[in-house]
Each structure stands twice: as C-alpha cells, then as structure tokens.
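Single-letter residue listing:
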Amino acid sequence: MRFLFSLVLFLLAVPVLLMLAYERGLLDDYVPEDAIDPEPFIQAELSSVTDGPDLSRRIDRALDEKLYDDAVMYAEIADYMNVELEAPTRARLLDEDAPARRAARGAGSFLEGFVTGHGSDTAGFMGAIASDLTVVGDVRDIGAEGSKLARGEDYSKLILGLSVVGLAATTATIATGGGGLPVKVGVSLLKVAEKAGTITARFARDVSNVLQEAVNFEKLRGLLRTTDLADSAATRRAILEYADGVSLARVTPILTDMAALERAVGPAEAVRLMRHVDSTGDLARVGRMGEKLGTKTRGVVELTGKTSLRAFKTAWNLILLALQWVWAIVAGLGALLLGSLSRRAMRRRKRPA
C-alpha cells in the first residue's frame with residue numbers, strides 16, 4: 001500500500017515540477033515554447049474566472065454601452081469555452097448583427113478616421129489606418145508635428161518619427177514590389193494606437209528610443225525649417241529625399257511584429273491590444289497569442305490578466321486539470337458503485353420470501 005501511495009505521489013509530483021521549471025524558462029533549451037499545447041491551460045484558466053451567465057452580463061453591458069465589438073468578442077469566448085449564453089443575450093446579438101445596424105454603426109466613422117487619423121471604433125480605426133497606408137496620413141502628421149519641431153515646441157517624437165519611417169517604407173515598398181508593406185502597416189497601426197491612447201508609456205518610450213537612432217531629428221529640424229509644411233506636395237518631396245538616410249534596421253522588427261499581430265486579430269483589435277503591451281518583447285508574445293486565439297485574444301487577456309501563452313502553462317493549471325480528471329474518475333467509480341448497489345437491491349426484492 002505504501003509503495004502504491006508513493007508511486008501515485010511521484011506521478012503527480014514529476015509533471016508539476018517539470019511545469020514549474022518550464023514556466024520559469026529553465027527548459028527553453030530542451031522544450032520549445034510551442035511544444036506544449038496551451039489550449040487546455042487557457043480553457044482551465046477561463047473556466048476559473050468566468051462562465052455563461054457572467055459572459056452574458058458582459059455582452060449585455062457592452063451592448064448597452066454601444067461597444068458591439070466587445071460584445072462579439074465575449075460571445076466568441078463563450079463559444080470557445082462551449083458554454084451557453086442566456087437566450088435574451090443571444091437574441092440581442094442577432095439583432096445587432098443585422099445589416100442595417102452594422103451600416104448605422106459605421107456611418108461617418110470611417111471618413112472621420114481617414115481625415116483626422118483618429119478613431120474610437122472599428123470603422124474609425126479602419127479609416128485612420130487606410131489614410132496612413134497611403135502617403136496622406138504620413139504627410140498630414142509630418143505637417144502637424146514637424147511644424148512644432150521646427151518652431152522648437154513640444155512635439156510627438158513617436159508620431160513624427162513613425163511618419164518619416166512610413167514615407168521611407170513607402171519608397172521601399174514600391175522599390176521591392178511590396179516587400180516593405182509589413183513595415184508600412186506596422187507604422188500605421190502604431191500611429192493610430194498612439195492617437196487613440198492605447199499605447200502604454202513604457203512601450204512608447206522604447207519605440208521612441210529606437211526611432212531616435214533611425215531618424216536624425218536635429219537634421220530633420222533643419223530640413224523642416226526650410227520647407228513649406230502647409231504645402232503637402234513640397235513636404236512629401238522633401239521628406240522622401242530625406243528618407244534615403246533613415247535607418248530602418250532596428251525599427252523594422254518592431255513594425256513587422258505589429259503587422260503580424262494585425263494579421264492575427266485584425267487592425268482594430270491590434271490597436272486595442274496595445275493597452276497590454278509594455279515592451280517590444282511583450283508585442284511579440286501578444287502576437288503569438290493572437291495567432292492562437294484570433295479576435296478572442298483581448299478578451300482572454302482582460303479576463304485572465306495573462307499576456308503570453310507561456311503564462312497559461314503553469315503548475316497550478318496543471319493541478320486544476322489533474323483534479324478535473326480525478327473528479328471525473330471518482331464520479332465514474334461512484335456511478336459504477338451506485339449501479340452495483342442498485343442491482344443488488346433489485347435482486348433482493350425479487351427473491352421469494
């Protein structure tokens with residue numbers, strides 16, 4: 001009996017110890033991050049923090065506040081968890097998905113985002129990104145922030161630096177037949193996120209430091225002082241000539257990670273997810289989550305507080321999974337025992353007195 005108890009304890013302890021070592025990165029040389037499927041761990045984590053009624057309440061609150069994208073996100077999480085939403089909530093979602101409702105939500109927002117570069121909903125974000133994917137947005141922002149730099153006023157180094165990099169990337173995209181497009185997409189998304197206020201201070205500081213190396217702002221100031229920034233064509237010509245000296249080596253990995261996040265979750269969700277990114281390393285980790293979870297990523301992050309796939313694969317979640325299996329086994333044995341006792345009782349009743 002003691003041997004059996006020790007064997008069971010050993011079989012439970014070994015995976016927990018291995019998971020603790022994996023969680024702390026001690027097995028990185030032996031076990032790649034994607035070697036362990038994170039899905040059971042994500043499911044366990046979600047089950048511990050939410051359920052069907054909770055998600056229904058979140059969806060109803062989002063719809064009350066006109067946050068349709070959030071409502072759809074929570075509905076996707078419910079489907080992912082295989083939990084039922086309340087019937088009235090499902091009905092509200094179906095009503096909001098009608099073509100007329102969708103058109104009404106997007107009316108005007110796209111154009112406003114395209115013209116101003118600012119967005120507050122999906123349509124607005126899409127408009128702002130569309131303008132930045134052309135040279136329109138970059139020239140507009142260089143005129144706005146560059147004039148401040150030329151006058152010696154406070155300006156956004158992040159917006160101005162990204163705009164200059166964006167024009168440089170436009171040239172590279174044309175020259176390489178589209179090879180610079182991920183950089184251009186990354187520039188647009190980061191600028192829209194900065195204007196929407198979703199970029200954290202730490203991440204903005206990291207990117208600004210990289211841009212300081214990519215763009216010589218002192219030299220740029222001299223150029224801007226001699227350029228009529230009210231003339232968009234003149235601004236474009238001057239910056240395109242200047243962009244030949246812009247070094248994209250260090251900034252390109254950040255921008256391509258941003259473009260990868262956009263491919264995984266869509267442009268609007270990529271902008272919103274930047275609230276949970278504190279460093280360039282975080283951006284890559286959130287991108288890997290996006291590849292796994294798609295548009296559910298932000299909801300999973302907000303519900304669990306975790307921003308990487310590795311963070312879900314913890315010893316505690318392993319224990320939770322093991323307990324679920326143990327409970328299933330105990331329930332099964334209990335059902336067999338009850339069935340056996342019931343059959344005995346029936347046989348005793350059938351015996352003649």
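Refer to the structure printed above.
Just so it is clear, the model here is predicted, and its values are computed rather than measured.

K.L.:
I would appreciate a short explanation of the overall build of the protein in the present structure.
P.N.:
Secondary structure summary: the protein contains 20 helices and zero strands in total. Relative to all contacts within the protein whose residues are 6 or more apart in sequence, the contacts with residues 24 or more apart total 68%. Put simply, the protein shows about 18800 Å² of open surface, and 59% of that area lies on carbon and sulfur atoms.

K.L.:
It is not clear to me how helix α8 (residues 122–133) should be interpreted in this structure. Could you clarify?
P.N.:
Note on helix geometry: an α-helix contains 3.6 residues per turn, so any two residues three or four positions apart are oriented the same way. With twelve residues, α8 extends 16 Å between its outermost C-alpha atoms, agreeing within 8% with the 16 Å of an ideal straight helix rising 1.5 Å per residue. Inspection of α8 places Ala123, Gly124, Phe125, Gly127, Ala128, Ile129, Ser131 and Asp132 among the buried residues, and these make up the whole buried set.

K.L.:
I'm lost on the packing of helix α4 (residues 68–81) against helix α5 (residues 87–96) in this one. Help?
P.N.:
Helices that pack against each other are described as a pair by the angle of their axes relative to one another and the distance between those axes. In the contact formed by α4 and α5, the axes pass within 11 Å of each other and the chain directions differ by 130°. When the axes of α4 and α5 are compared, the pair comes out oblique. Seen along the crossing, α4 lies across α5 with a hand that is left-handed. Contacts between α4 and α5 involve Tyr68, Ala71, Val72, Ala75 and Asp79 on the former and, on the latter, Arg90, Leu93 and Glu96. Looking at the contact of α4 with α5 residue by residue, the classes come out as five nonpolar, no polar and three charged.

K.L.:
What is the right way to read the environment of proline 182 from this model?
P.N.:
Along the chain, proline 182 falls in helix α11 (residues 181–196). The class of proline 182 is partly exposed, set by a relative accessible area of 30%.

K.L.:
What is the right way to read the packing of helix α7 (residues 109–116) against α8 from this model?
P.N.:
At their nearest, the axes of α7 and α8 sit 6 Å apart, and the two run at 35° to each other. Of the two elements, α7 crosses α8, and the hand of that crossing is right-handed. Judged by residue contacts, Ser109, Phe110, Gly113 and Phe114 of α7 engage Ala123, Gly124, Met126, Gly127, Ala128, Ala130 and Ser131 from α8. For the contact of α7 with α8, a count of residues per class yields six nonpolar, five polar and no charged.

K.L.:
Just checking my understanding: could you explain the nonpolar core for this structure?
P.N.:
Nonpolar side chains tend to gather and get buried jointly when the protein is soluble and globular. Of all hydrophobic cores here, the largest spans 53 residues; its most connected members are Val164, Val165, Leu190, Phe203, Val215, Leu220 and Met274. If one sorts the elements of this core by residue count, helix α10 (residues 157–175) sits on top with eight residues. In terms of nonpolar packing, the next biggest core, distinct from the first, is built from 25 residues, Phe41, Met73, Tyr74 and Leu85 among them.

K.L.:
Hey, could you run me through the packing of aromatic side chains in this one?
P.N.:
The geometry of an aromatic ring pair comes down to the distance between the two centres and the angle between the two planes. Inspection of every chain in the model, using the stated rule, returns one aromatic pair. Both rings, one in tyrosine 155 and one in phenylalanine 217, keep their centres 6.2 Å apart while their planes meet at 40°; by these two values the pair is tilted. Pair noted here: tyrosine 155 is in the loop between α9 (135–151) and α10 and phenylalanine 217 is in helix α13 (residues 217–225), with a separation of 62 residues, a long-range link. For tyrosine 155, a relative accessible area of 24% corresponds to the partly exposed category. One cation-aromatic arrangement involves lysine 157 over phenylalanine 217; the distance from NZ or CZ to the ring centre is 5.4 Å.

K.L.:
Would you mind going over the side chain of threonine 227 with me for this structure?
P.N.:
When you line up the elements, threonine 227 lands in the loop between α13 and α14 (232–242). Residues within four places of threonine 227 in sequence aside, it is in contact with Ala234, Thr235 and Ala238.

K.L.:
Even after reading the chapter, I still don't get the pattern of salt bridges, so can you show me in this structure?
P.N.:
Pairs can form between side chains of opposite charge whenever their charged atoms are close. Under the criterion given, the structure shown has 22 salt bridges. Two residues, glutamate 213 and arginine 250, come together in a salt bridge whose shortest N-O distance is 2.6 Å. In this pair, glutamate 213 sits in helix α12 (residues 201–214) while arginine 250 sits in the loop between α14 and α15 (251–265), placing the two residues 37 residues apart along the sequence. The exposure class assigned to arginine 250 is partly exposed, which follows from its relative accessible area of 49%. What you see here is one network of salt bridges that share partners, running through Asp69, Asp70, Glu269, Arg272, Arg298 and Glu302.

K.L.:
Got a minute to help me understand the side chain of glutamate 269 in this structure?
P.N.:
When you line up the elements, glutamate 269 lands in helix α16 (residues 267–273). Setting aside its immediate chain neighbours within four residues, glutamate 269 contacts Met73, Thr295 and Arg298.

K.L.:
What is the right way to look at the environment of threonine 134 in this model?
P.N.:
Mapped onto the secondary structure, threonine 134 falls in the loop between α8 and α9. Residue classification places threonine 134 among the partly exposed residues on the basis of a relative accessible area of 32%. Taking C-alpha positions, threonine 134 is 9.4 Å from serine 188, a pair spaced 54 residues apart along the chain.

K.L.:
It is not clear to me how unusual backbone geometry should be interpreted in this structure. Could you clarify?
P.N.:
Even without being glycine, lysine 66 reaches a positive phi, approximately 65°. Its place among the elements puts lysine 66 in the loop between α3 (52–64) and α4.

What counts as what
The numbering scheme is per chain: residues are counted from 1 as the chain's sequence reads. Given that the model is predicted, a residue must reach a pLDDT of at least 70 before its local features are reported, and side-chain atom pairs must reach 80 or more before they are shown or counted; all residues, however, enter totals for whole chains, interfaces and linings. Computation of side-chain values: all heavy atoms of the structure, hydrogens and water removed. Strands here mean DSSP runs of E at least two residues long; helices mean DSSP runs of H or I at least four residues long; both are numbered from the N terminus. The contact rule is simple, with two residues in contact once any of their heavy atoms fall within 4.5 Å. Working definition of accessibility: Shrake-Rupley area with a 1.4 Å probe, residue cover restricted to the visible protein chains. What a helix is expected to span follows from its residue count: subtract one and scale by 1.5 Å. Residue burial is assigned from relative accessible area. The probe radius is 1.4 Å, only protein chains are included, and a residue is buried under 20% of its type maximum, exposed over 50%, and partly exposed in between. A fitted line through C-alpha atoms represents every axis, and for helices the fit uses only the stretch in contact; the resulting angles, taken between N-to-C directions, go from 0 to 180 degrees. Roughly parallel covers angles under 35 degrees, roughly antiparallel covers those over 145, roughly perpendicular covers 65 to 115, and oblique covers all other angles. The crossing is said to be left-handed when, going from far helix to near helix, the turn is anticlockwise and less than a right angle, and right-handed when the turn is clockwise. The nonpolar class holds Ala, Val, Leu, Ile, Met, Phe, Trp, Tyr, Cys and Pro. Asp, Glu, Lys and Arg form the charged class, and all remaining residues, Gly among them, are polar. Working definition of a nonpolar core: buried Ala, Val, Leu, Ile, Met, Phe, Trp, Tyr and Cys residues. They are joined through side-chain atoms within 4.5 Å. Any two rings among Phe, Tyr and Trp, with Trp reduced to its six-membered ring, count as a pair given centres within 6.5 Å; such a pair is stacked if its planes are under 30 degrees apart, edge-to-face if over 60, and tilted if neither. Whether a charge lies above a ring is judged from NZ of Lys or CZ of Arg, which has to be within 6 Å of the ring centre and within 35 degrees of the ring normal. Take a side-chain nitrogen of Lys or Arg and a carboxyl oxygen of Asp or Glu: if they are within 4 Å of each other, that pair is a salt bridge.

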